[in-house]
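Single-letter residue listing:
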Amino acid sequence: MRTICTIVVLVFCSASFFAQTPAVKISINNGVDTVDNDIAAVLHLWKKYLNSNPDSIYDNPYWSKDDKRRYNHFDLLRGTYFDPSIYAMMSYYKPTVLSVSEIEGGFRIRTLFSSHTDSGFAQPLCITEVVAAKEDGDYKLSNALSYNTKSWSKTNVGSITFIHPREHTFDRDLGERMSRFVDSLAMLWNIPVQPVEYYFADRLELVYKALGLDFYIGEGNHARPGGFADTHNRIVYAGGENEWYPHEFVHIYINPLFPNAHGYFLEGYATLLGGHRGKSLSWHLKRMNQYLHDHPDLNLNDLFSFWHMDFTTDPSKVFGGLLCKMAEEKGGLPAVKKLFSFGSSNDDFYRAIEEMFGVKREGLNDFLRSTIAKYAGK
Ligand SMILES: [Zn+2]
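It should be emphasised that the depicted structure is a prediction, and the values quoted were computed from it without experimental measurement.

Reading the values: rules and limits
- Residues numbered from 1 in each chain as written.
- Predicted model: local features only at pLDDT ≥ 70, side-chain atom pairs only at ≥ 80, totals over all residues.
- Heavy atoms only, no water.
- Helix = DSSP H or I, 4+ residues; strand = E, 2+ residues; numbered from the N terminus.
- Rg over C-alpha atoms; globule rule 2.2 N^0.38 Å.
- Buried < 20%, exposed > 50% of the residue type's maximum accessible area, 1.4 Å probe, protein only.
- Contact = heavy atoms within 4.5 Å.
- Areas by Shrake-Rupley, 256 points an atom, 1.4 Å probe, with all protein chains shown as cover.
- Pairing = 2+ DSSP bridges.
- Axes fitted to C-alpha atoms, helices over the stretch in contact; angles between N-to-C directions.
- Donors = N, O, S within 2.8 Å, 3.2 Å for Na, K, Ca; no water.
- Tetrahedral: all angles 85-135°; square planar, octahedral: opposite > 155°, others 65-115°.
- Parallel < 35°, antiparallel > 145°, perpendicular 65-115°, else oblique.
- Nonpolar A, V, L, I, M, F, W, Y, C, P; charged D, E, K, R; others polar.
- Phe/Tyr/Trp six-rings, centres within 6.5 Å; stacked < 30°, edge-to-face > 60°.
- Lys NZ or Arg CZ within 6 Å of the ring centre and 35° of its normal.
- Domains from an automatic or database assignment.
- Expected span 1.5 Å × (residues − 1).
- Polar contact = N/O pair within 3.5 Å; in protein donor to acceptor, adjacent residues only side chain to side chain.
- Core = buried A, V, L, I, M, F, W, Y, C linked by side-chain atoms within 4.5 Å.

Scanning the chain from terminus to terminus reveals twelve helices and twelve strands. In terms of overall size, the chain behaves like a compact globule, its C-alpha atoms giving a radius of gyration of 23 Å where 378 residues would be expected to give roughly 21 Å. Counting only residues that meet the buried cut, the chain has 52% of its 378 residues in that class. Long-range pairs, those at least 24 residues apart, make up 62% of the contacts in the chain with a sequence separation of at least 6. Within the structure as shown, the chain displays about 17,900 Å² of accessible surface, and the carbon and sulfur contribution to it stands at 51%.

Structure below.
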């Protein structure tokens, strides 16, 4: 018989930790059989983990040894998609365990991270899945990714392991093109080629569901290419394209070299070399040029207030891409490296434009509009 109850549990590891950070409270959905010994143990483990400072990278006792050996940042959900992390938002998006389901060798825990409006409607952020399986007699957590992709096909080409649903027929020509791109990028930057796992499917949400993001805010809408580079673990996730997805591979290789670079420049360089949403930088420059023509009152001196154009063209990638292209034309790779060196704040960004291109912030609107018009016409 299933026991129906609602539990709000306050779990905590140590008094000293409590003094620094409020404990994470967890709600458990009424339908979860909390009387079952195994399910109770799994829930207890998950609560312990959520209260064990999961944003920190250390030898967390609640996570499986295999994952800790395999990944630098062992919890793949921690920093994928959400910035900086799902767990950093738990004081607002509170966790509710939706279900604990038996699978081969353990259980799958599904958790809703959600807030609510003043009128009580749910404001969900995501639904995550993690696996709990026995290790040396005790349940330990692990990523759902390897469970969810057990039946997916794997093909190695050069340094890349391509992993995709079995229904997809691997395109070796495109795989080799992707591999050659990575080799040439590494040669250009004089850095070593390293193994990368590349998970891809027809739609990005299929890849995120495999990872363990059963729902995430922003999923759905019209299907369009998209991806994410987990630079810590050297994993690329992408959907809507195919074996060829250079943008995220640029991030995998270049971002770790410049941890303090401004995000617009890192996004811009990946777009310059690898396009965005399946289209080249010059395609997006033409769209941006038309948009700016249609919005003459938009003032780009305050560039970061224009952070959203539409769901196809992203200002950070277009402006960043344009500036990287101009730097490269001006001084080759050393100039691009210099662009990355100014720092990550918006003031650093404006300083970079002034020092690299001689344009003060109050002249940015005219400069960007005229330069985009020029490049869009090429
Ligand atoms: Zn990017």
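Time to look at the side chain of Thr371. As for its placement among the helices and strands, Thr371 is situated in helix α12 (residues 364–376). Take Thr371: its relative accessible area is 7%, and that puts it in the buried class. The contact partners of Thr371, leaving out residues within four places of it in the chain, are Leu322 and Met326.

Right, let's get into the sheet that holds strand β12 (residues 235–239). Ordered in space as β7-β8-β9-β12-β11, the five strands form an open sheet in which the pairing is mixed. The outermost strands of the open sheet, each flanked by one partner alone, are β7 (153–157) and β11 (226–230). Along the sheet, successive strands turn relative to each other by an average axial angle of 15°, direction set aside. As defined by bridge partners, strand β9 (residues 196–201) adjoins β12 across five bridges and the pair is classed as parallel. Its bridge partner being in β12, Tyr198 is matched across the sheet by Val236.

With that settled, consider the coordination of the zinc ion. At this site the zinc ion is bound by His247 (NE2), His251 (NE2), Glu267 (OE) and Glu267 (OE), with donor distances of 2.1 to 2.7 Å. Taken together, the four donor atoms coordinating the zinc ion and their angles of 52 to 151° define a geometry best described as irregular.

On to the packing of helix α10 (residues 315–339) against helix α11 (residues 346–357), then. How two helices pack is summed up by the angle between their axes together with the distance between the axes. Relative orientation of the contacting elements α10 and α11 amounts to 105°, with a least axis distance of 11 Å. Relative to α11, the element α10 is oriented roughly perpendicular. Mapping the contact onto sequence places Leu323, Met326, Ala327, Lys330, Ala335, Lys338 and Leu339 in α10 and Phe349, Ala352, Ile353, Met356 and Phe357 in α11. Counted by class, the contact of α10 with α11 contains ten nonpolar, no polar and two charged residues.

We now examine the packing of aromatic side chains. Inspection of every chain in the model, using the stated rule, returns 32 aromatic pairs. A ring pair is formed by Phe349 and Tyr350, whose centres lie 5.9 Å apart and whose planes are at 80°; its orientation type is edge-to-face. Of the residues examined, Phe349 reaches a relative accessible area of 0% and is grouped as buried. In this structure, Arg177 packs its charged tip against the face of Trp244, placed 3.7 Å from the ring centre.

Right, let's get into the domain arrangement of the chain. How big an interface is tends to be expressed through the accessible area that disappears when the partners come together. Along its sequence, the chain is carved into domain 1 (7–143), domain 2 (149–257) and domain 3 (258–378). For domain 1 versus domain 3, the separation of C-alpha centres amounts to 39 Å.

Attention now goes to helix α2 (residues 37–50). Residues spaced three or four apart along an α-helix point in a common direction, a consequence of the helix completing one turn every 3.6 residues. An ideal rise of 1.5 Å per residue puts 20 Å on 14 residues; α2 measures up with 20 Å between its terminal C-alpha atoms. Here α2 has its buried residues at Ile39, Val42, Leu43, Leu45, Trp46, Lys47, Lys48, Tyr49 and Leu50. Structurally, the start of α2 carries an N-cap: the backbone nitrogen of Asp38 is 3.0 Å from a side-chain oxygen of Asp36.

Attention now goes to the packing of helix α8 (residues 263–274) against α10. Interhelical geometry of α8 versus α10 gives an angle of 85° and a closest axis separation of 6 Å. One element, α8, and the other, α10, form an angle in the roughly perpendicular class. Contact residues: Tyr264, Phe265, Glu267, Gly268, Tyr269, Thr271 and Leu272 in α8; Pro315, Ser316, Lys317, Gly320, Gly321, Leu323, Cys324, Lys325, Glu328, Leu333, Val336 and Leu339 in α10. Of the residues in the contact of α8 with α10, the class split is ten nonpolar, five polar and four charged.

Counting residues in each nonpolar core, the largest one holds 67 residues, and the members touching the most others are Trp189, Tyr269, Phe340 and Phe357. By residue number, the principal contributor to this core is α10, which donates eleven residues. Inspection of this core shows a minimum of three residues originating in each of domain 2 (149–257) and domain 3 (258–378). Beyond its immediate stretch of four places on either side in the chain, Trp189 contacts Ile254, Leu257, Phe258, Tyr269, Leu333, Val336, Lys337 and Phe340.

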